Amino acid sequence: MGHLLILVCTMLVLLPIPGLGSRELPGLLDDFPATIGEAHSGNNLFWHGAAVGSTVFFVASGADRDWQGWLQENGILGRGFENPVLFAGNFWTIGIALWLYLDGRAGDDPVTAGAGVTAFQAVVGTFLVVTTEKFLTGRRGPAGPNDTPDMPFVKTDDPADFAFDFWNSSFSDGRFFWPSGHTASAFSLVSALVSYYPDEDWLAWLGYPLAALMGYVMMEGDYHWLSDVVAGACIGHVIGWTAGRRARGRISGVTDTTLEIVPVIGRDSAGLALRIGM
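For clarity, every value in this text was computed on a predicted model and none was experimentally measured. (Residues numbered from 1 in each chain as written. Predicted model: local features only at pLDDT ≥ 70, side-chain atom pairs only at ≥ 80, totals over all residues. Heavy atoms only, no water.)

**Student:** Where do I start with the nonpolar core in this structure?
**Tutor:** Note that soluble globular proteins tend to have their nonpolar side chains buried in a common cluster. A51, I94, F120, L193, M218, I235 and I239 are the most contacted members of the largest nonpolar core, which has 49 residues in total. Where this core is concerned, the elements lending two or more residues are α2 (32-38), α3 (45-61), α6 (92-106), α7 (110-137), α8 (181-196), α9 (201-220) and α10 (226-252). Looking at which element gives the most residues to this core, the answer is α10, with 10 residues. (Core = buried A, V, L, I, M, F, W, Y, C linked by side-chain atoms within 4.5 Å. Buried < 20%, exposed > 50% of the residue type's maximum accessible area, 1.4 Å probe, protein only. Helix = DSSP H or I, 4+ residues; strand = E, 2+ residues; numbered from the N terminus.)

Here it is in structure tokens:
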């Protein structure tokens, strides 16, 4: 349902809306292909590598299975909280993006409209990338104590249950869980707005814990493995951050913010450092 909502909203907001603003305002798809391309190039490839590498580690080490088992015995939220969050996760990110965009158009405010553009591109771009990866990797979700025989698709106790022959799978096979789309969308929206509004510290303090909560709910509710969630956070972050950085420079004229992973080599050690340029 959330996927259908994104497609419908995309078509609606691309239609002309009489009376909403007269100034030249940014379009929702301005520079969109270049944004997605940059999110998959250069230093940004580190985040995609981290998504894959962390998944390999969590599966091989047994952390996926161990963490899922621990949550099934010690979860604190319950279905009364998990199911509504799962449902809301289909809508809230695209809803915030469209609200910002339409509010900016109504007020002839290119900065607010630009925030809507960056959020929209981040969420939609993440949806397209993650959906593609879900079908290419063919992973099944974790089986849990609340599963019922009438479930519409198969789940598994094996975190290594991937299948890369997507052309042989159907919906009932349940092979569409890596990475977590709910988590990716949440981190994408937050990172887009944090990058676009670098002086608004409250966005990071509020947004990232909420995005992390979304990821936690996906695990406790047996909707996703730990590695699905970590991969979704990495992929969503890099797409969102790239969208926000490019939109700020393009729309508001503010100096770009860059986020880079750089090697650090010393006499007796080596590692990586995170560098933020303003």
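That was the structure; now back to the text.
**Student:** Explanation requested: the packing of aromatic side chains in the structure shown.
**Tutor:** Both the distance between ring centres and the angle between the ring planes are used here to describe each pair of aromatic rings. As enumerated under the stated definition, the model contains 13 aromatic pairs in all. Taking 5.6 Å as the distance between ring centres and 85° as the angle between the ring planes, the aromatic pair formed by F46 and W47 counts as edge-to-face. For F46, a relative accessible area of 34% gives the class partly exposed. (Phe/Tyr/Trp six-rings, centres within 6.5 Å; stacked < 30°, edge-to-face > 60°.)

**Student:** In this structure, what is going on with the side chain of H48? I would like to understand it.
**Tutor:** As for its placement among the helices and strands, H48 is situated in helix α3. The exposure class of H48 is buried, given its relative accessible area of 12%.

**Student:** Can you help me understand the confidence of the model for the chain in this one?
**Tutor:** Fine structural detail should not be taken from predicted coordinates in areas where pLDDT scores are low. Mean pLDDT over the chain stands at 85; residues scoring 70 or higher make up 81%. Low pLDDT, under 50, characterises residues 11-22; the predicted model gives this stretch 13 contacts beyond four residues in sequence or across chains. (pLDDT = per-residue confidence, 0-100. Contact = heavy atoms within 4.5 Å.)

**Student:** Sorry if this is basic, but what is going on with α9 here?
**Tutor:** One turn of an α-helix holds 3.6 residues; hence residues three or four places apart share an orientation. Helix length check: α9, at 20 residues, gives a terminal C-alpha distance of 29 Å against a target of 28 Å (1.5 Å per residue), a fit within 8%. Taken together, the buried positions of α9 are occupied by L203, G207, A211, M214, G215, V217, M218, M219 and E220. Phi turns positive one or two residues past the end of α9, at D222, with a value near 60°. (Expected span 1.5 Å × (residues − 1).)

**Student:** Would you take a moment to explain the packing of α6 against α8 for this structure?
**Tutor:** A pair of packed helices can be characterised by two numbers: the angle between their axes and the separation between those axes. Across the interface, α6 lies against α8 with an axial gap of 9 Å and an inter-helix angle of 30°. It follows from the interaxial angle that α6 and α8 lie roughly parallel. In this structure, α6 uses W92, T93, I96 and L100 to contact α8, whose residues at the interface are S185, A186, L189 and L193. Of the residues in the contact of α6 with α8, the class split is 6 nonpolar, 2 polar and no charged. (Axes fitted to C-alpha atoms, helices over the stretch in contact; angles between N-to-C directions. Parallel < 35°, antiparallel > 145°, perpendicular 65-115°, else oblique. Nonpolar A, V, L, I, M, F, W, Y, C, P; charged D, E, K, R; others polar.)

**Student:** Help me understand the environment of L86 in this model?
**Tutor:** Considering the arrangement of structural elements, one finds L86 in helix α5 (residues 79-88). With 132 residues separating them along the chain, L86 and M218 place their C-alpha atoms 7.5 Å apart. What L86 contacts, discounting residues up to four positions off in sequence, is H182, M218 and Y223.

**Student:** Looking at this model, I keep getting lost on unusual backbone geometry. Mind explaining?
**Tutor:** A negative phi holds for most residues other than glycine; trans holds for most peptide bonds. Residue P179 is reached from W178 by a cis peptide bond, and omega for that bond is -5°. Structurally, P179 is set in the loop between α7 and α8. Non-glycine residue D31 carries a positive phi angle of around 65°. Structurally, D31 is set in the loop between α1 (2-13) and α2. Positive phi outside glycine occurs at D108, with the angle close to 50°. With a relative accessible area of 18%, D108 lands in the buried category.

**Student:** Just checking my understanding: could you explain a nonpolar patch on the surface for this structure?
**Tutor:** On the surface, F81, W202, L206, L210 and L213 cluster together into a nonpolar patch covering about 470 Å² of accessible area. When residues in the nonpolar patch are grouped by element, the largest group, 4 residues, is from α9. Within the fold, L210 resides in helix α9. A relative accessible area of 43% places L210 in the partly exposed class. (Patch = residues over 30% accessible without salt bridge, like charges linked within 9 Å, V, L, I, M, F, W, Y side chains within 5 Å. Areas by Shrake-Rupley, 256 points an atom, 1.4 Å probe, with all protein chains shown as cover. Salt bridge = Lys/Arg side-chain N within 4 Å of Asp/Glu carboxyl O.)

**Student:** How should I be thinking about α7 in this particular structure?
**Tutor:** For α7, built from 28 residues, the straight-helix expectation of 40 Å at 1.5 Å per residue is met to within 8% by its first-to-last C-alpha distance of 39 Å. Taking burial as the measure, the 28 residues of α7 include 22 buried ones, the bulk of the element. Residue D109 occupies the N-cap position of α7, its side-chain oxygen lying 3.1 Å from the main-chain nitrogen of V111. (Polar contact = N/O pair within 3.5 Å; in protein donor to acceptor, adjacent residues only side chain to side chain.)

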